[in-house]
Amino acid sequence: MTDAPAPIPHTADTPATESPPAPRRRRRWLRGLLILLFLLIAIPLGLVAWLLGSESGLRQAAALANRFGGGMIAIDGVSGRVLDGMRLGEVRVRTADLRLDLQGAELRWTPRALFDKRAEVARLAVDSVALATRPSNEPAPPPAEPAPLRLPLALDVATVAVGELKVCAWADSQSGPCGEDEPTFAIKNFTTGVTSDG
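Everything numeric here is computed off the predicted structure, so don't read it as measured data.

### Digging into the pattern of salt bridges
Should their charged atoms come close, side chains of opposite charge can pair.
At step 1: In this structure the tally under the stated criterion is 13 salt bridges.
At step 2: The residue R118 makes a salt bridge to D116 at a minimum N-O spacing of 3.5 Å.
At step 3: What makes R118 partly exposed here is its relative accessible area of 30%.
At step 4: A salt bridge links K188 to E164, with the shortest nitrogen-to-oxygen separation between them at 4.0 Å. Taken together, the residues span a long stretch of sequence, with K188 in strand β6 (residues 185-196) and E164 in strand β5 (residues 154-168) at a distance of 24 residues.
At step 5: On the basis of relative accessible area, K188 is assigned to the exposed category, the value being 58%.

### What about the packing of aromatic side chains?
At step 1: Evaluation of the coordinates by the stated rule reveals zero aromatic pairs.
At step 2: The cationic tip of R99 hangs over the ring face of W170; the distance from NZ or CZ to the ring centre is 3.9 Å.

### A look at the nonpolar core
At step 1: Within the largest apolar cluster, 14 residues are counted, with the highest numbers of intra-cluster contacts made by L58, I75, V78, L88, V91 and V126.
At step 2: Listed by contribution, the elements that provide at least two residues to this core are α2 (55-68), β1 (73-81), β2 (85-94), β3 (98-110) and β4 (118-133).
At step 3: Apart from residues lying up to four places away in sequence, V91 is in contact with A74, I75, L100, D101 and L102.
At step 4: If you look at the next biggest cluster of nonpolar residues, it comprises five residues, including A130, A132, C168 and W170.

### Some words on the side chain of S128
At step 1: Along the chain, S128 falls in strand β4.
At step 2: Among all residues touching S128, those that are not within four sequence positions of it are D101, L102, Q103 and E164.

### So, a positive patch on the surface
At step 1: Side chains of R24, R25, R27, R28 and R31 sit close together on the surface and give a patch of like positive charge.
At step 2: Along the chain, the position of R31 falls in helix α1 (residues 23-53).
At step 3: Note on R31: relative accessible area 53%, which makes it exposed.

### Remarks on α2
At step 1: Helix length check: α2, at 14 residues, gives a terminal C-alpha distance of 20 Å against a target of 20 Å (1.5 Å per residue), a fit within 8%.
At step 2: Along α2, the positions that sit buried rather than exposed are G57, L58 and A62. The buried residues of α2 occupy an angular sector of 140° when the element is viewed end-on, so they sit on one face. Exposed residues lying more than 90 degrees from the buried face of α2 are R67 and F68.
At step 3: Against α1, β1 and β2 lie the buried residues of α2.
At step 4: A positive phi of about 65° marks G70, the residue just after α2.

What counts as what
- Residues numbered from 1 in each chain as written.
- Predicted model: local features only at pLDDT ≥ 70, side-chain atom pairs only at ≥ 80, totals over all residues.
- Heavy atoms only, no water.
- Salt bridge = Lys/Arg side-chain N within 4 Å of Asp/Glu carboxyl O.
- Buried < 20%, exposed > 50% of the residue type's maximum accessible area, 1.4 Å probe, protein only.
- Helix = DSSP H or I, 4+ residues; strand = E, 2+ residues; numbered from the N terminus.
- Phe/Tyr/Trp six-rings, centres within 6.5 Å; stacked < 30°, edge-to-face > 60°.
- Lys NZ or Arg CZ within 6 Å of the ring centre and 35° of its normal.
- Core = buried A, V, L, I, M, F, W, Y, C linked by side-chain atoms within 4.5 Å.
- Contact = heavy atoms within 4.5 Å.
- Patch = residues over 30% accessible without salt bridge, like charges linked within 9 Å, V, L, I, M, F, W, Y side chains within 5 Å.
- Areas by Shrake-Rupley, 256 points an atom, 1.4 Å probe, with all protein chains shown as cover.
- Lys, Arg positive; Asp, Glu negative; His and termini not counted.
- Charge placed at Lys NZ, Arg CZ, Asp CG, Glu CD.
- Expected span 1.5 Å × (residues − 1).
- Arc of directions from axis to C-beta.

And the structure:
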């Protein structure tokens with residue numbers, strides 16, 4: 001049988017053995033900090049990826065717009081994804097001076113072209129647009145030469161298609177843009193394309 005050395009009693013002459021500084025505690029604290037930093041970055045990025053890259057994310061974004069739009073905007077019939085193509089069945093905008101109804105709005109685009117400082121849209125279309133603005137009591141300003149329009153990136157829209165565009169006179173009694181009245185301006189089956197180098 002081996003005798004274990006007896007512990008040395010602690011006296012004023014013999015210092016107590018201090019435990020070394022806890023490197024494990026420091027590593028654990030650093031690991032926790034790194035995990036927290038990772039989560040603070042990963043969660044918002046994941047949320048943005050979900051909103052932009054999935055149909056359920058697009059539907060949730062539309063539901064948030066409906067909920068927090070203060071009754072000014074209503075979006076229904078959402079399908080597709082923001083990152084490649086989406087369709088909005090109906091969009092209604094109501095402000096004190098504007099009534100706008102869009103039916104069948106569609107966007108097909110290539111978002112990765114933004115990295116080349118280009119907005120590349122294959123198709124921007126709407127089945128119908130109805131619009132009414134409240135007339136102003138202010139006199140119209142005299143016509144002036146428009147300022148040059150400089151876009152921050154190049155623009156290429158292959159197809160812009162409007163099935164029907166109606167501009168209607170404002171009537172306080174109606175809730176929609178046109179009601180039963182005839183539009184003051186109407187155009188049907190309009191298609192064009194747009195290209196600009198910025």
